[in-house]
Amino acid sequence: MPSSSPILPLILAFAAILLTAAVVHCGSPASLLTLERAFPANQRVELEELRARDRARHGRLLRGVVGGVVDFTVSGTSDPYLVGLYYTKVKLGSPPREFNVQIDTGSDILWVTCNSCSDCPRTSGLGIELSFFEASSSSTASLVSCSHPICTSLVQTTAAACSPESNLCGYSFQYGDGSGTTGYYVSDMLYFDTIVGDSLIANSSASIVFGCSTYQSGDLTKVDKAIDGIFGFGQQELSVVSQLSSLGITPKVFSHCLKGEGNGGGILVLGEILEPNIIYSPLVPSQSHYNLNLQSIAVNGQLLPIDPAVFATSNNQGTIVDSGTTLTYLVETAYDRFVSSVTATVSSSTTPFLSKGNQCYLVSTSIDEIFPPVSLNFAGGASMVLKPGEYLMHLGITDLVLKDKIFVYDLAHQRIGWANYDCSLSVNVSVTSSKDEFINAGQLSTSSSSQNMLFEPIPRSIKALLIHMLVFSGFLFFVT
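## Notes on the sheet that holds strand E22 (residues 374-378)
Turning to step 1, where the next piece is worked out: Read across the sheet, four strands follow the order E18-E17-E22-E23 without closing on themselves; strand pairing throughout is antiparallel. Of all strands in the sheet, those with a lone pairing partner are strand E18 (302-303) and strand E23 (382-386), marking the two edges.
Turning to step 2, where the next piece is worked out: Here two bridges tie strand E17 (residues 294-299) to E18, and the two strands are oriented antiparallel to one another. Residue pairing for E18: Ala298 is matched across the bridge by Leu303.
Turning to step 3, where the next piece is worked out: The sheet strands contacting helix H5 (residues 332-346) are E17 and E22, and the helix crosses E17 at an angle near 20 degrees.

## Side note on the pairing of strand E21 (residues 358-362)
Turning to step 1, where the next piece is worked out: With four of five residues buried, E21 is to be regarded as a mostly interior element.
Turning to step 2, where the next piece is worked out: Judged from the five bridges that link them, strand E20 (residues 351-355) and E21 form a sheet pairing that is antiparallel. The partner of Pro352 across the bridge, within E21, is Tyr361.
Turning to step 3, where the next piece is worked out: Hairpin connection between E20 and E21: a loop of two residues separates the two successive antiparallel strands, and Lys356 in this loop has a positive phi of roughly 55 degrees.

## A few points about the pattern of salt bridges
Turning to step 1, where the next piece is worked out: Applying the stated criterion across every chain yields a total of five salt bridges.
Turning to step 2, where the next piece is worked out: The closest approach of N and O atoms between Glu98 and Lys89, which form a salt bridge, is 3.9 Å.
Turning to step 3, where the next piece is worked out: By relative accessible area, which is 38% here, Glu98 ends up partly exposed.
Turning to step 4, where the next piece is worked out: In this structure, Asp410 engages Arg415 in a salt bridge whose closest nitrogen and oxygen atoms are separated by 3.0 Å.

## Concerning the nonpolar core
Turning to step 1, where the next piece is worked out: Leu92, Leu244, Ile297, Phe338, Phe371 and Ile416 are the most contacted members of the largest nonpolar core, which totals 71 residues.
Turning to step 2, where the next piece is worked out: It is H5 that provides the largest number of residues to this core, a total of six residues.
Turning to step 3, where the next piece is worked out: When near neighbours in sequence (up to four residues on either side) are disregarded, Ile297 contacts Gln302, Leu303, Leu304, Ile306, Phe311, Leu330, Phe338, Val374, Ser375, Leu376 and Asn377.
Turning to step 4, where the next piece is worked out: Ranked by size, the runner-up nonpolar core spans 16 residues in total, among them Val69, Ile267, Ile278 and Ile406.

## So, the packing of aromatic side chains
Turning to step 1, where the next piece is worked out: If you walk through the whole model with that rule in mind, you get 15 aromatic pairs.
Turning to step 2, where the next piece is worked out: Measuring from centroid to centroid gives 4.3 Å for Phe254 and Tyr409, while their planes differ by 5 degrees, and the two rings are stacked. Pair noted here: Phe254 is in strand E12 (residues 253-258) and Tyr409 is in strand E25 (residues 405-410), with a separation of 155 residues, a long-range link.
Turning to step 3, where the next piece is worked out: Given the relative accessible area of 0%, Tyr409 is considered buried.
Turning to step 4, where the next piece is worked out: Residue placement shows Arg122 over the ring face of Phe132; its charged tip is 4.0 Å from the ring centre.
Turning to step 5, where the next piece is worked out: Looking at Arg415, its charged tip hangs above the ring of Tyr280, at a distance of 3.6 Å from the centre.

Each value, and the rule that gives it
Residues numbered from 1 in each chain as written. Predicted model: local features only at pLDDT ≥ 70, side-chain atom pairs only at ≥ 80, totals over all residues. Heavy atoms only, no water. Pairing = 2+ DSSP bridges. Helix = DSSP H or I, 4+ residues; strand = E, 2+ residues; numbered from the N terminus. Contact = heavy atoms within 4.5 Å. Axes fitted to C-alpha atoms, helices over the stretch in contact; angles between N-to-C directions. Buried < 20%, exposed > 50% of the residue type's maximum accessible area, 1.4 Å probe, protein only. Salt bridge = Lys/Arg side-chain N within 4 Å of Asp/Glu carboxyl O. Core = buried A, V, L, I, M, F, W, Y, C linked by side-chain atoms within 4.5 Å. Phe/Tyr/Trp six-rings, centres within 6.5 Å; stacked < 30°, edge-to-face > 60°. Lys NZ or Arg CZ within 6 Å of the ring centre and 35° of its normal.

Written as structure tokens, this is what we have:
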């Protein structure tokens, strides 16, 4: 921002003081607006009371500006031998406490670990200090009771369960990898930076409902990748995206651009990244996850003989976009034909072999010179073209479909869009529900991971591995 920008808040505050003492005349004949003091002239006002009043006013102002962009930092990488996940920071409670939470489009709820969780990890191999939420330490926290309207509506969707003994609205979630968490809901303040208008950054807050985890199982208990919680970016009413949108603070759309190389990191905003090359495919309606209609797969421009019915969405099958799933899964019929086609294409330039049931290839040159492009063809004429490095896994190095691409989850129009992009660059983000205003998010935090991780280099040119669970990590395709 220009060097003169710090003067702006002082000017605005001074103008507000002048207006409170003014008599306003307008029209003909003149009309009189009677104004009263917010605080008595002879009463001492504490600084915190003024700040509380300003926070309430800023909240009202923000609710009047639909389409403010909320910016989150991004850390982590796609490499499962290092981090294998992307995470961001959220500030909760009063005073605000910072939590590192995994970015997960496959679930709805934001939850963090409760201080009372006895079996939860206390240290993390990611090099971050774990934080624990304590409702009694926050002056703005309140526990969600069984009679709370949110809880009674969630009971119908199995996202909540009430305990008659404690009268707390609780939850229990099981994730696709077998891990799980149990806890209860809390209402407290979420603090964030909102960009309104032409790069004007406002320190904002809103009261939201989130989970406090008292029990964890499976991979969530492992110290090597322990994190403070999970940030669900699903489309149900309790997701932060839906809660802030219902308050009029943000549009009902979020976007990310995950950097694949180096230390990873990237961009995550509650808002719509604008890029001319983005193509969209409609979401399958009335689904709890982000389901797309995958219609066909092509290898080197040739459609594979796969019955489209295997990709159809029903109660127990479909194509789901999930940033929290490390590997990618294909139904066996589609997987076998995919591997056969790739192997036939490269058999003269590689040495195919099986290792622990996985199809592997010995190569002596760049995989980009040998392996064919792969197209995932979705409804609406939207194709996602994958380079070899996005469906092959190198020994010690991996890539994912979501990396180095802009992804836009447009919930208002029920569609998902994507485009190839260098996620180390800035992006334009819409700040209204239309597309007539945008700001340059390069002025926002497009941070990369700050972790300094040491690892032993592994030769990259020896072996490329296509494992049974295709490593376009970040997309979960499954048909059962």
